[in-house]
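Single-letter residue listing:
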Amino acid sequence: MSTKKARIRDPIHGTLRFDPDELAVIDHPAVQRLRGIKQLGLADLAFPGATHSRYAHALGTTHIATRMLEQLARDFELLPAERQRMNTTLRLAAMFHDIGHAPLSHTTERFMPPVNKLGLGEWQLGSDDRRACHEDFTLAIILKSDLSELIRRRFADRGIDPEDLAVLLSGRAPPGLGDRFQIGGRNWLPLLRQCVSSELDADRMDYLLRDSYYAGVPYGRFDLDWLIENLRAVERGPDLHLGLHARGSFGFEDYLLSRYHMFLSVYLHHVPVGYELMLRAFHESEPELLRFPPDPEQYLECDDVFLLMKLRGTQNPWARRLMRRKGYKNLTELRTSEASTPAVHHRLTAALAEAGIHAIAHTVKGKLSKYFNPSASQPPVAVEPDLLVVGDGAPQPIENFSPLYQRYAGALHLHRVYVEPERHEDARPILRRLELDE
């Protein structure tokens, strides 16, 4: 069998390299399906270039995760077989981290079945009646589809099985699997997990650069090379954690602000959000027309084309609007630190209803970090794996080192009112009258 690595050209990272076993799993339908799922859902309705796929993102994330581990493991003596097993496990986890995404990525996640229908057993987290998310389907595909057997066949000689990837992606190890990442008395699991999902992970670093490039905006750019060069592995007892040298903190703050600005300018843009609301209205009006099957093999048949065919095959008025691009228009937007709908929007929707104009009030949240949870009564604490700053003195959590967390600690809420496009001009005088009354 050939051991020559294949080269794949990527507009963000240049040449990506994959060995023959990795290419075999890349060719599996579970990964190839990602070609048919747009990374940014409906964002191309506002940013025409943003039609890139989850497939390209998966390959890019694999590349960045590899670079991260090369930097983090350089100060540790590892046997070649151990180093290869860790590297390959991380690469596969990074490659598979999005295979559970529904059509149009996050847009249709609310149409998923209850999590207990997936049969995850000891891998299931939370109550049985909660709705499944793409992370649950990722675990189901890795553990319960024929991708599982392909992983066992191709990577058994490297000591890797599907359960190793599930541990890394879920961040938890069921009984009997906890020692799989113990090498020389050190536990590598927290560090490897953080490379996949944390404040500074390969997933975020790829999608910010990639989404910015394809959306045609500058906000997601940051110094990737400088961040990776300053990564450090931090030992806390037997566990290894992700660290960043203090001199890389300015690069990290630039990266963090890039994410914040991408959310406000691209991910939460009013046009795609308006279409998502219409898709939600379609599902609520006829929920039986669009349900995702809990069986992982059947779920793999669901991609963007599947969704579009569902919309084209019905005369549902919301589906007709979606297919004809007759989206509800944003009439007004308020930015506040409060999650509750502003009183003026309550009055506005009531006035619009009185005038016979259908409106949808909606609130979305923009936040600097999902791993940082400030409390009014306690000092800010990290609720997910820490990113530790190292330099002079003891390592400290990044939120204690960077003033950005204090400045942007609270979430920004965008309160919008959308109206049917045919009545948008009729709605504007009503809005102006209420504004004068304020």
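Here, the structure is the one placed above.
Residues numbered from 1 in each chain as written. Predicted model: local features only at pLDDT ≥ 70, side-chain atom pairs only at ≥ 80, totals over all residues. Heavy atoms only, no water.

## Thoughts on the overall build of the protein
At step 1: A count of helices and strands for the protein gives 19 helices and 13 strands.
At step 2: For 438 residues, the compact-globule estimate of 2.2 N^0.38 gives 22 Å, and the C-alpha radius of gyration of the protein, at 23 Å, lies within 12% of that figure.
At step 3: For the protein, the spread of C-alpha atoms along the principal axes amounts to about 75 × 50 × 40 Å.
At step 4: Expressed as a percentage of the 438 residues in the protein, the buried residues total 56%. (Helix = DSSP H or I, 4+ residues; strand = E, 2+ residues; numbered from the N terminus. Rg over C-alpha atoms; globule rule 2.2 N^0.38 Å. Buried < 20%, exposed > 50% of the residue type's maximum accessible area, 1.4 Å probe, protein only.)

## Remarks on the side chain of Arg210
At step 1: Summarising the element assignment, Arg210 is placed in helix α9 (residues 202-215).
At step 2: You can call Arg210 buried: its relative accessible area is 0%.
At step 3: Within the local environment of Arg210, its side chain forms a polar contact with the side chain of Asp10, the two groups lying 2.9 Å apart.
At step 4: The residues contacting Arg210, other than those within four sequence positions of it, are Asp10, Ile12, His13, His52, Ala56, His57 and Gly60. (Polar contact = N/O pair within 3.5 Å; in protein donor to acceptor, adjacent residues only side chain to side chain. Contact = heavy atoms within 4.5 Å.)

## Quick look at the packing of helix α4 (residues 80-96) against helix α8 (residues 189-196)
At step 1: Relative to each other, α4 and α8 sit at 35°, their axes nearing to 10 Å. The handedness of the crossing between α4 and α8 is right-handed. Counted together, Met86, Leu90 and Ala93 of α4 and Leu192, Cys195 and Val196 of α8 form the full contact between these two elements. (Axes fitted to C-alpha atoms, helices over the stretch in contact; angles between N-to-C directions. Left-handed = near helix turned anticlockwise from the far one by under 90°.)

## Some words on the nonpolar core
At step 1: Counting residues in each nonpolar core, the largest one holds 121 residues, and the members touching the most others are Phe96, Trp188, Leu200, Met205, Phe252 and Tyr255.
At step 2: Dropping the residues within four chain positions of it, Trp188 is found in contact with Leu69, Ala73, Phe76, Leu78, Met86, Phe181, Ile183 and Leu240. (Core = buried A, V, L, I, M, F, W, Y, C linked by side-chain atoms within 4.5 Å.)

## Details of a negative patch on the surface
At step 1: Among the surface-exposed residues, Asp146, Asp295, Glu297 and Glu301 lie close enough to one another that they form a single negatively charged patch.
At step 2: You can see Glu301 is positioned in the loop between α13 (296-299) and α14 (304-312).
At step 3: On the accessibility criterion, Glu301 (60% relative accessible area) is exposed. (Patch = residues over 30% accessible without salt bridge, like charges linked within 9 Å, V, L, I, M, F, W, Y side chains within 5 Å. Areas by Shrake-Rupley, 256 points an atom, 1.4 Å probe, with all protein chains shown as cover. Salt bridge = Lys/Arg side-chain N within 4 Å of Asp/Glu carboxyl O. Lys, Arg positive; Asp, Glu negative; His and termini not counted. Charge placed at Lys NZ, Arg CZ, Asp CG, Glu CD.)

## Focus on unusual backbone geometry
At step 1: With a phi close to 60°, Leu104 is a non-glycine residue in the positive phi region.
At step 2: Position of Leu104 relative to the elements: it lies in the loop between α4 and α5 (134-144).
At step 3: Even without being glycine, Ser105 reaches a positive phi, approximately 60°.

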